[in-house]
Structure formats: structure tokens, C-alpha cells
Amino acid sequence: MLTQSLPNPLVVANWKMHGSLELCQEYSIKLNASSPGVDVWVAPPSIYFHRLSDSISPAIQVGVQNLYWEQSGAFTGELAPSMLAELGASFAIIGHSERRTMFGETDQHVARKCSACIDSGVIPIVCVGESISQRETGNARRVVSEQVSSILRACDSKSPVQIVFAYEPIWAIGTGAVAEPSDAEDMHCHVRSMILESTEWDAKQIRILYGGSVKVENAAALVAQQNIDGFLVGGASLEVDSFKRICQIAAGV
Ligand code: 13P
């Protein structure tokens, strides 16, 4: 019987609303050698998409941090999945907690975006995660379950599916308070079992990333967990040398 090998770990840089032409250039110069054993993706602000994708190593995928679910229409300021696919954006981060809390995105919005991404051949990186009060009141697993199930309900009929999940506890984002590796592993394991139980997808092939204060110092302990398949990196991705080192750690170098 043919067994499919597991995908490489994946490390994604989320620049958020940071960066500059200078950072695009620095990424293109310093990340130009492809790293064996790890997939590296970068999400700059969309306005820098072309500058980065034109100059960076073709081994590195460039994507976006958000998109809309409609393919065209009177939606001022929005970007359609089909447009992004046409320009070569291979992935989109969707449902980031900053978009959920500051821009009013609901589970339903995120599910529609996810579905539109898959239909257009743009890989969605679906972010999920609980707030500190939800964790402290013992509701972390319930919140994450609701976020994941709305995605699975909207997209489980799509096959074969290319999708990535990112568990980003809100209290760990930009705070330096990284999750304990065993707590993160527990939630990743839960997300993978939800995929296994409610879809026909091969759950082992779906990468579940951890995000929230990932740094050079904590990356090894996190990626050593069985169900942590890589990282979504915010602050540390603005320092190319740190980001590169995190990629190497994920590759086991
Ligand atoms: P930090 O790495 O800055 O905590 O941000 C994580 C994040 O939100 C990535 O999407």
C-alpha cells in the first residue's frame, strides 16, 4: 500500500501592517536560499505583494493577510480571491483574531472566506484561538471547537482540500506570553481530531500551525510537539535573521 509522506513543517511570516520596500528587499536577499525540510511562506501587506513576489526566491510562497469572499462587485477596498489567484498569491490568512476583534469578522464570515479561497485555488490559513478570559473560565476548547466546526461545516464537501489551520491564543499574540508547548499540543491535537471525525480529509496531511509570541528561544520546544506542524510568526518575522532562524529550527537544523 502506498503511504503518503507527511508534509514539511510550514513557517509563515505575517507582517501585519508593518514592513516597507526595504524589508521586501531584505527578505529577498537574505531568504533567497530555499531551506530543505521546511516550507516558508510570507504574507506582507497586499500593497507589497508584487514587489516581494517578483524578487524573492521562487521556493518561497507569497500570500496575503485577508480577502473578501465575493469574486467581483461593488465592494470598495476589498480584494477578490480570483484576483489574488490570478496574480500568483498562493495563500491567504483568514480569521486572524485582529480581524475578528477589530473588524467585526464572525465565524460565518471566516467560513465564507475559507470556502471562496478553496474555490479559487488560494490556500486558506484559518486562524482560531481563545481570549484570556475564555481560557481562564475553562472555555478555550469550546471556543476553538466552534471556530473550527464552522469551517468544517462550510468546507468539508470540498475535496481534495488544501487548507492550513493556525492556533493562535489571543493572549499570546504580541505579548511575549507564549503558550506552554503541552497546552498548545493539547489544542492542536483537539483540532486534528475534529478534522478526523467530521471530514473525509486526511487529517495527517493538514498542517496546524502555532502562533503567538514565537521566537528563536521558544520555537524548538513548540515544534517538537507531535501535532505542531510549524508557525505563524508576527513580530519576529520583521527581523529577517530571527525569522530565518525560526525556519531552520522548524526544519530541525
Ligand atoms: P506575534 O508573533 O507578534 O505574537 O504575532 C502572532 C500573530 O498574530 C501571527 O499571525
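All of the points below concern the structure found in this document. Values in this document were obtained by computation on a predicted structure and should not be read as measured data.

1. Some thoughts on the nonpolar core
By size, the foremost hydrophobic cluster in this structure holds 67 residues, and its most contacted members are Tyr27, Phe165, Tyr210 and Phe231. With residues near it in sequence (within four places) discarded, phenylalanine 165 still touches Val126, Val148, Ile151, Leu152, Val191, Ile195, Ile206, Arg207, Ile208 and Leu209.

2. Considerations on the side chain of glutamate 168
Here glutamate 168 is to be found in the loop between strand S6 (164-167) and helix H8 (181-198). Within the buried set, glutamate 168 has no salt-bridge partner at all; the shortest N-O distance to an opposite charge, 6.1 Å, is to lysine 16. Sequence-distant contacts of glutamate 168, defined by excluding residues within four places in its chain, comprise His96, Cys127, Val128, Gly129, Ile173, Gly211, Gly212 and Leu232.

3. Notes on helix H9 (residues 216-223)
For H9, every residue scored as buried is listed here: Asn218, Ala219, Leu222 and Val223. Buried residues in H9, looked at end-on, bunch into an arc of 125°, giving them a common side.

4. Points about the site of the ligand
Looking at the ligand, the residues that line it are Asn14, Lys16, His96, Glu168, Ala172, Ile173, Gly174, Gly212, Ser213, Leu232, Gly234 and Gly235. Here an oxygen atom of the ligand and a side-chain polar atom of histidine 96 are 2.7 Å apart. One of the side-chain N or O atoms of glutamate 168 is found 2.9 Å from an oxygen atom in the ligand. Relative to its unbound accessible area of 310 Å², the ligand is 96% covered by the protein chains. Along the lines of polarity and charge, the residues of the shell around the ligand split into three nonpolar, seven polar and two charged.

5. A look at the pattern of salt bridges
Counted by the stated rule, this structure contains 13 salt bridges. The closest approach of N and O atoms between glutamate 26 and lysine 30, which form a salt bridge, is 3.6 Å. Placement of both glutamate 26 and lysine 30 in helix H1 (residues 21-30) is noted, with a separation of four residues, approximately one turn of the helix. When its relative accessible area of 31% is taken as the criterion, lysine 30 is described as partly exposed. Overlapping salt bridges bring together Glu26, Lys30 and Asp241 as one network.

6. Observations regarding the environment of isoleucine 249
Residue position: isoleucine 249 is located in helix H10 (residues 240-250). On the accessibility criterion, isoleucine 249 (13% relative accessible area) is buried. A sequence separation of 119 residues divides isoleucine 249 from glutamate 130, and the C-alpha atoms of the two residues are 26 Å apart.

7. Notes on the environment of glutamate 146
Note that glutamate 146 resides in helix H7 (residues 140-155). For glutamate 146, a relative accessible area of 41% corresponds to the partly exposed category. Glutamate 146 sits 39 residues away from aspartate 107 along the chain, and the two C-alpha atoms are 8.1 Å apart.

8. Some thoughts on the packing of aromatic side chains
Applying the stated criterion across every chain yields a total of six aromatic pairs. Each ring, one from tryptophan 41 and one from phenylalanine 91, has its centre 4.9 Å from the other, and the planes form 25°; the classification is stacked. With tryptophan 41 in strand S2 (residues 39-43) and phenylalanine 91 in strand S4 (residues 91-94), this residue pair connects regions lying 50 residues apart in the sequence. Neither residue differs from the other here; tryptophan 41 and phenylalanine 91 are each classed as buried. A network of ring pairs unites the aromatic residues Trp15, Tyr27 and Phe243 as a single cluster. The ring of phenylalanine 103 has arginine 99 sitting right over it, with the charged end atom 4.3 Å from the ring centre.

Rules and cut-offs
- Residues numbered from 1 in each chain as written.
- Predicted model: local features only at pLDDT ≥ 70, side-chain atom pairs only at ≥ 80, totals over all residues.
- Heavy atoms only, no water.
- Core = buried A, V, L, I, M, F, W, Y, C linked by side-chain atoms within 4.5 Å.
- Buried < 20%, exposed > 50% of the residue type's maximum accessible area, 1.4 Å probe, protein only.
- Contact = heavy atoms within 4.5 Å.
- Helix = DSSP H or I, 4+ residues; strand = E, 2+ residues; numbered from the N terminus.
- Lys, Arg positive; Asp, Glu negative; His and termini not counted.
- Salt bridge = Lys/Arg side-chain N within 4 Å of Asp/Glu carboxyl O.
- Arc of directions from axis to C-beta.
- Near = heavy atom within 4 Å.
- Polar contact = N/O pair within 3.5 Å; in protein donor to acceptor, adjacent residues only side chain to side chain.
- Areas by Shrake-Rupley, 256 points an atom, 1.4 Å probe, with all protein chains shown as cover.
- Nonpolar A, V, L, I, M, F, W, Y, C, P; charged D, E, K, R; others polar.
- Phe/Tyr/Trp six-rings, centres within 6.5 Å; stacked < 30°, edge-to-face > 60°.
- Lys NZ or Arg CZ within 6 Å of the ring centre and 35° of its normal.

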